[in-house]
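# Fold and contact review
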Amino acid sequence: MKVLKFGGSSVADAERIKLVKKIVENNAKDNKQIIVVSAFGGVTDLLLRAADQASLRDENYTQILEQLEKHHLTTIQELLPVASQSKALSAVKRELNTLETLLEGAFLIGETTPKLLDKILGYGELLSSYIISEFFISEGLDCIHKDSRTLIRTDENYGKAAVDFKETDHRCETYFGTVTYKVIVVPGFVAASAGGNTTTLGRGGSDYTAAIMAGAVNASVLEIWTDVSGMYTANPKLVKQAFAIPDISYEEAMELSHFGAKVLYPPTIQPVLSRGIPVHIRNTFNPEEKGTRIRKNTNGAARPVRGISHIANIALLSLEGSGMVGISGISKRFFEVLSLHNINVALITQASSEHSICIGIAESDMQKAEKAINEAFEYEMAAGKINPVVVEHNLAIVALVGDNMKSHQGLSGKMFSALGQNNVNIRAIAQGASERNISAVIDKADVKKALNTLHERFFEDNVKQLNIFVMGVGNVGEKFLNQVDQQKKYLREKLKLNIRVVALSNSRKMYFEDGGIALKNWKTLLDNGETADKEKFFEKVKAMNLRNSIFVDNTASDIVAGTYAGYLKNSIAVVTCNKIACSSDLEHYSELKNLSRKYNAPFLFETNVGAGLPVIDTLKNLIASGDKVNKIQAVLSGSLNFVFNNFDDKSSFEEVVKQAQKEGYTEPDPKIDLSGIDVMRKILILARESGYELEIDDIENESFLPQETLDTASADDFFTSLVKHKSHFDNIYAEAAENECRLKYVAQFENGKASVGLQHIPKDHPFYNLEGKDNIVLFYTERYNEQPLLIKGAGAGADVTASGIFADIIRAGNF
């Protein structure tokens, strides 16, 4: 014999009930079936609202009653042939008349007792099961309807009655053992006391009804048919990568259902557990899916964590004080008080010194619990031995569940490390000796991020998702997005990184997409986005609260550079080609580096020096390995190298600068390059990364530009000044040529002092043959004291800068 239970979503309307019939029909060929059904979708909530309104003497309850009547009668008319409708319509109307009488009673006395409420709420299942059985009969199934109130005996704890299993098992064995019908439809949720009063088994009780009957008849399987394809590794509404668990043990299923897995009502497992009856979670709307099978010892050694779940709307209550230490009975009194007030405890943690007890309970129970505990320990609190209870609100519990977690070392460390790296603060931890469950209390706002972080860590083959927020989509930004789009598949397969761009912004528009922006169409999406606002952009990044978040700055804006601290304080990594922040005041630079360490958020700026060349990364490795930088010589401006490599007696200086600007080698304002400011910033950053404390004003700038050119206010004025001072630049070239030297703009750092300026480079110097837009850096260190460590390559251009940004993002992903 099989027991099949169909939830409210499976029987919400006539079309869905027809799907249920097909499932039952397919099973009816070989098996006798007990079909347990919930109320039609949403009906129980409507009944509860009607009862509440009636008890408040709100006549609107009659409108809900009319809505219920219309729903049930319409369903009959849609399911049954005309010849079969009269009987069913009459029977349902009679039941609805009785329901109306009960609600009128609540309206007249101005209250709803628990006993009356159970009678009212039970009508959802009583009506649905009758209508469904009549439909099955009309379709030719060998079917009968049986009222479960005649089978399941309970006490009179209305709202969540306790089952008398001895009497219930006897009644079920007797009835189901003798009934000859192949399909027996029974209402879930409802039962009856020995006195014949209607009781209910608690919300979700239809699952419980099915399990009780499955246990009583020793069914071959209990199938729970719902609107999802099994128990998932995490809530699929919050974790898109979650998937159905094929097999799971009874104990694991109970843990997951206790911690918020809505597919299964927690008490359901108990009646089938002792008899070893498997439970199969199936999808009514996709019956071909395998679903989840719950049985004994199904968890192999391959995956220690079976699922991740959570309980929302939790509050923490802490009782502590020196008077608790060594005093027996404190815990007993504490939990007795909670039990007397019917307060369920979701999590317990206690210090070994007994100095404090901390519990997690439902937010809705917190006020009652706080009052009760303070009253119970009033004497000790007055004497100063115990402090008044401390309450923390707006929390949630996340839990890892798995039978084999105990045999795998380091799971707790991996869990807490993953959460910590994403700035998820843990308020309390609980772990049983069986280690089947590791629970952590966190801020409710962090639940989605925490679940996704843990799912990624334990279920996604270590594929790490990086959520990228991009500010600046000009030359560098566009090349970067193209590179991301091109390399996504490779990064996922080879480096186990899934890069998802979730936000874009330029100076005019910004666009956010939680599920990731389609990069093939990013320009159109951005053009249709909202008005750009750097503060709103930051606030939205915080509000999205995504794991492994990285802010990418492709601008040259000092305003954008000023926002980095806010991102780092929220454990959001910062990757930037914008040199302004790292070359700002030493105090600000140091603050950003400290924030990066404090909040475990990478702050990466490889492209600040040498575009895509590994200059800063190499320098960091030298310092980390204990080496010391004594001297740096470098050509750090690809744009200036391009300019002086192409400037000769056959071209004007102004024309070459314009060419460099056109090809994207200069900053948006070329004067930044030609004035030496850009190179000053770069050598300053290298000096600071070498461990020296310098300010930009400490760097000597030997400018080759006339003062009038330096003082120009606009780009047009700047180029006009270059034309005006043509002879000045021609003379600079002629002097170098006369000495058989080439012009290079060199940055130098030695003995704690830095300078930048145009130099004559002779033929035997490493800088002499530096072509095009290339950069070169020579590091003279304690270890490289005779022959310097040399780094050379393209140091300007959107492509190489974008690739440097990309490389930093990969570094952040592996942080």
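Reading guide: rules and limits
Residues numbered from 1 in each chain as written. Predicted model: local features only at pLDDT ≥ 70, side-chain atom pairs only at ≥ 80, totals over all residues. Heavy atoms only, no water. Buried < 20%, exposed > 50% of the residue type's maximum accessible area, 1.4 Å probe, protein only. Helix = DSSP H or I, 4+ residues; strand = E, 2+ residues; numbered from the N terminus. Pairing = 2+ DSSP bridges. Axes fitted to C-alpha atoms, helices over the stretch in contact; angles between N-to-C directions. Contact = heavy atoms within 4.5 Å. Patch = residues over 30% accessible without salt bridge, like charges linked within 9 Å, V, L, I, M, F, W, Y side chains within 5 Å. Areas by Shrake-Rupley, 256 points an atom, 1.4 Å probe, with all protein chains shown as cover. Salt bridge = Lys/Arg side-chain N within 4 Å of Asp/Glu carboxyl O. Lys, Arg positive; Asp, Glu negative; His and termini not counted. Charge placed at Lys NZ, Arg CZ, Asp CG, Glu CD.

Now for the pairing of strand E8 (residues 221–226). Burial analysis of E8 places six of its six residues in the buried class, the great majority of the element. Across the two faces of E8 the burial is the same, with Val221, Glu223 and Trp225 and Leu222, Ile224 and Thr226 all buried. Direction of pairing for strand E1 (residues 2–6) relative to E8: parallel, over a ladder of five bridges. The residue of E8 that forms the bridge with Leu4 is Glu223.

Spatial strand order, E26-E28-E27-E25-E29-E30: six strands in an open sheet with mixed pairing. Lying at the two open borders of the sheet, with one neighbouring strand each, are strand E26 (700–702) and strand E30 (789–794). Going from strand to strand, the sheet's axes swing by 15 degrees on average, the running direction of each strand aside. Both strand E29 (residues 774–781) and E30 contribute to a ladder of six bridges, which runs antiparallel. Pairing of Asn775 across the sheet is with Gly793, part of E30. Lying over the sheet, helix H23 (residues 638–646) contacts strand E25 (629–635), strand E27 (742–750), strand E28 (753–761) and E29, oriented at roughly 150 degrees with respect to E27. Running over the sheet, helix H26 (residues 677–689) touches E25, E26, E27 and E28 and is turned about 35 degrees from E27.

A few words now on the sheet that holds E8. In a beta sheet, neighbouring strands pair by backbone hydrogen bonds and run either parallel or antiparallel. The strand order across the open sheet built from eight strands is E3-E5-E2-E1-E8-E10-E11-E9, with neighbouring strands paired in mixed fashion. Each edge of the open sheet is held by one strand with a lone partner, namely strand E3 (143–145) and strand E9 (247–249). This sheet shows a mean twist of 20 degrees between the axes of neighbouring strands, independent of strand direction. Here E3 pairs with strand E5 (residues 183–187) via three bridges, running parallel. Note that in E5 the partner of Ile144 across the bridge is Ile184. Strands strand E2 (33–37), E3 and E5 of the sheet are contacted by helix H6 (residues 123–138), whose axis makes an angle of about 160 degrees with E5. Across the sheet, helix H8 (residues 205–217) is in contact with E1, E2, E5 and E8; its angle to E2 comes to roughly 160 degrees.

Here the focus is a negative patch on the surface. Negative charge collects at one region of the surface, where Asp585, Glu587, Glu591, Asp697 and Asp698 lie side by side. Assignment of secondary structure puts Asp697 in the loop between H26 and E26.

Here we take up unusual backbone geometry. At Arg57, a residue that is not glycine, the phi angle is positive and equals roughly 55 degrees. Following the sequence through the fold, Arg57 ends up in the loop between helix H2 (43–55) and helix H3 (61–79). Of note in this structure, Asn545 is not a glycine but carries a positive phi near 50 degrees. Within the fold, Asn545 resides in the loop between helix H18 (534–544) and strand E22 (549–553). When its relative accessible area of 17% is taken as the criterion, Asn545 is described as buried.

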